[in-house]
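Observations on the three-dimensional arrangement
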Amino acid sequence: MTSRYRVEYSLKSHRRDEFIEWIKALLAVPFVLHSDVENFFHGSSFGDVQDYEEFMKSKEFEISKECQKRYYEVFEDVESLITNTIELGNRSQANGPVPRLRKLVPSVGTFFTPLPLPRAFLAEDRRRGISRRRFVSPSFNDIRNVLNTAQIMALADIYKDDTIKHLKLITFDGDVTLYDDGKSLMKDDPVVARLIELLHAGFFIGVVTAAGYPGQQGSSQYYSRLKGLVDAMNESTLSIQQRQNLLVMGGESNYLFRYSHELQTFRFIDGEDWFLPLMLNWNKDHIEYMMENIHRHMINIRKKFSLDDESKTSIVRKERSIGIIPVNGFKILREHLEEISLSCSGKLTELLLELASDIKVCAFNGGSDVWVDIGDKALGVESLQSYLCRDEWLDVCPILKSETLHVGDQFASLGANDFKARLSACTAWIASPQETVDILDDLLAYLKS
Ligand code: IMP
Ligand code: MG
């Protein structure tokens, strides 16, 4: 049965972020009620064009000020709701009160820090002219940017305020976040200098990517994706310790590498040294069974959309992941990519239920391909937090979720793989490598100010 709910859900929900949509709806009210230029024309007469322009300038200013005040108030109220959610322990506790924000937006994630939204709004309003707009209401991207800026401001405030509990680990997705989709990092890419500066400042930097290349051979694959950064590090004045603070978590949460000063590139670290207990307990036969079933599912779905032509697509099966990729410059339709990733997600849920298994899995639309991976970025980030603190006596330990930032481009609730990192870290949702650079510039500036 295709119910209305199902149609709505399939068409929209997986692409939306309910929290952002909810804030957008709140801001639409003051936009509709206070941004109306026409009302200021009414009943006025103008001597000449000059007067009219002067009048408009001053009225424009008044309208903008009014809109800015009203938007600011909305962000103040949302900030209070977030603070209240944190105070009540984020998730509703067994017999405790459900935070009001969770009642209003049931799917809202966990907040690891308060968010100074009004201050962030003013900063973004200066850049984006949100309150100066008369025809375009505050958009999804405006709000996404306000949330990012608020998160960066909060982490910088805590960093400056407290010497122990502060930002320690910054993780980045690869494709679209550090480099363009399918490309590699070059030495003169602007993000490289920022990453080096963060390493200089003593932060741990992790690249948490779905791209999965196992074993020491994997090291050369990650080197070629991150060549620009590794080469720049080798020529930099970074200390040995600072260099070793660069790690790569590949295949979501499957393969760990750490920069090695001796090798001047990445060293593969065996799973036994860092797998979380949960991951060590996964039943290997269950993993194999799931891979086998997803493989069959992909073969069928590839046929269904007439993609089963070797000149168009192929199925790549690795030890812990499986994907449909385009070949010979073929482009898989966006609708097919979404359909395949959502259908694989559904199949995974079925398989997990059938096996009564707690194995973590992830199916996502990578923009030009679709992948199913065993593991997810929540585990990838958490594994880094725990691996870096396996020597618990280190004064940076433990590394908490509130002390970790993950920057990525895939935060839609389904068919996206950075979304899961929200369970293990504060996050910033970017839409291009340039936005990553902008966010890092903000972070470095706020840390210094
Ligand atoms: P990310 O954006 O850094 O997480 O990388 C996602 C992209 O990595 C996918 O869209 C694929 O093109 C590529 N990739 C290569 N190998 C794998 C794999 O084993 N699993 C998932 N993605 C992979
Ligand atoms: Mg990405």
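Residues numbered from 1 in each chain as written. Chains lettered and ligands numbered in written order. Predicted model: local features only at pLDDT ≥ 70, side-chain atom pairs only at ≥ 80, totals over all residues. Heavy atoms only, no water.

- An unreviewed UniProt entry lists the chain under the name IMP-specific 5'-nucleotidase 1, from Candida tenuis.
- Turning to the chain, the UniProt record has this under Sequence similarities (unreviewed entry): "Belongs to the ISN1 family." (UniProt positions renumbered as here; feature names shortened; annotations may be inferred.)

Describing the site of ligand 1
- The local shell around ligand 1 holds 16 residues, among which Asp173, Thr209, Lys318, Ser321 and Asp369 are the closest.
- Aspartate 173 places a side-chain nitrogen or oxygen 2.7 Å from an oxygen atom of ligand 1.
- Within the side chain of lysine 318, a nitrogen or oxygen atom sits 2.8 Å from a nitrogen atom of ligand 1.
- In isolation ligand 1 exposes 500 Å². Once the protein is present, 91% of that is buried.
- Partitioned by chemical class, the residues of the shell around ligand 1 number four nonpolar, six polar and six charged. (Near = heavy atom within 4 Å. Polar contact = N/O pair within 3.5 Å; in protein donor to acceptor, adjacent residues only side chain to side chain. Areas by Shrake-Rupley, 256 points an atom, 1.4 Å probe, with all protein chains shown as cover. Nonpolar A, V, L, I, M, F, W, Y, C, P; charged D, E, K, R; others polar.)

Describing empty space enclosed by the protein
- Going through the model one piece at a time under the given rule, you end up with three cavities of 30 Å³ or more.
- Its boundaries defined by the atoms lining it, the largest cavity holds a volume of some 50 Å³.
- If you go around the largest cavity, the residues you meet are Tyr179, Val207, Thr209, Ala211, Tyr213, Tyr222, Arg225, Leu226 and Val248.
- Its residues assigned to classes, the lining of the largest cavity shows seven nonpolar, one polar and one charged. (1 Å grid on protein atoms, 1.4 Å probe; cavity = no way out; pocket = protein on both sides within 12 Å on 5 of 7 lines; lining within 4 Å. Points joined across faces, edges and corners; volume = space filled by probe spheres on them.)

Re helix α2 (residues 18-34)
- In this model α2 runs 25 Å from its N-terminal to its C-terminal C-alpha over 17 residues, within 8% of the 24 Å that 1.5 Å per residue would give.
- Taken together, the buried positions of α2 are occupied by Phe19, Ile20, Trp22, Ile23, Leu27, Pro30 and Phe31.
- The distance from a side-chain oxygen at the start of α2 to the backbone nitrogen of phenylalanine 19 is 3.1 Å, and the residue carrying that oxygen is aspartate 17. (Helix = DSSP H or I, 4+ residues; strand = E, 2+ residues; numbered from the N terminus. Expected span 1.5 Å × (residues − 1). Buried < 20%, exposed > 50% of the residue type's maximum accessible area, 1.4 Å probe, protein only.)

Details of the state of the cysteines
- If you walk through the whole model with that rule in mind, you get one disulfide.
- Between the sulfur atoms of cysteine 389 and its disulfide partner cysteine 397 the distance amounts to 2.2 Å. Between cysteine 389 and cysteine 397 the sulfur-sulfur dihedral comes to about -95°; the bridge is accordingly left-handed. For the pair formed by cysteine 389 and cysteine 397, the shared burial category is buried.
- Here cysteine 362 stays free of any disulfide, with the sulfur of cysteine 344 as its closest cysteine sulfur at 11 Å.
- Under the relative-accessibility criterion, cysteine 362 is labelled buried at 6%.
- In this structure cysteine 426 is not part of a disulfide, and its nearest cysteine sulfur, from cysteine 389, lies 16 Å away. (Disulfide = S-S within 2.5 Å.)

Some words on the sheet that holds strand β5 (residues 265-269)
- Ordered by their spatial adjacency, seven strands build an open sheet running β5-β4-β3-β2-β1-β10-β11, and the pairing between neighbours is mixed. Unpaired on one side and paired on the other, β5 and β11 (426-429) mark the two borders of the sheet. Neighbour to neighbour, the strand axes of the sheet diverge by 25° on average, direction disregarded.
- One ladder, built from four bridges, connects strand β10 (residues 404-408) with β11; its direction is parallel. Across the sheet, residue histidine 406 finds its bridge partner in β11, namely threonine 427.
- In the packing of helix α8 (residues 190-200) onto the sheet, contacts are made with β1 (169-172), β2 (204-208) and β3 (246-250), and the angle to β2 comes to roughly 135°.
- Packed on one face of the sheet, helix α9 (residues 215-225) meets β3, β4 (255-260) and β5 and runs near 145° to β5. (Pairing = 2+ DSSP bridges. Axes fitted to C-alpha atoms, helices over the stretch in contact; angles between N-to-C directions. Contact = heavy atoms within 4.5 Å.)

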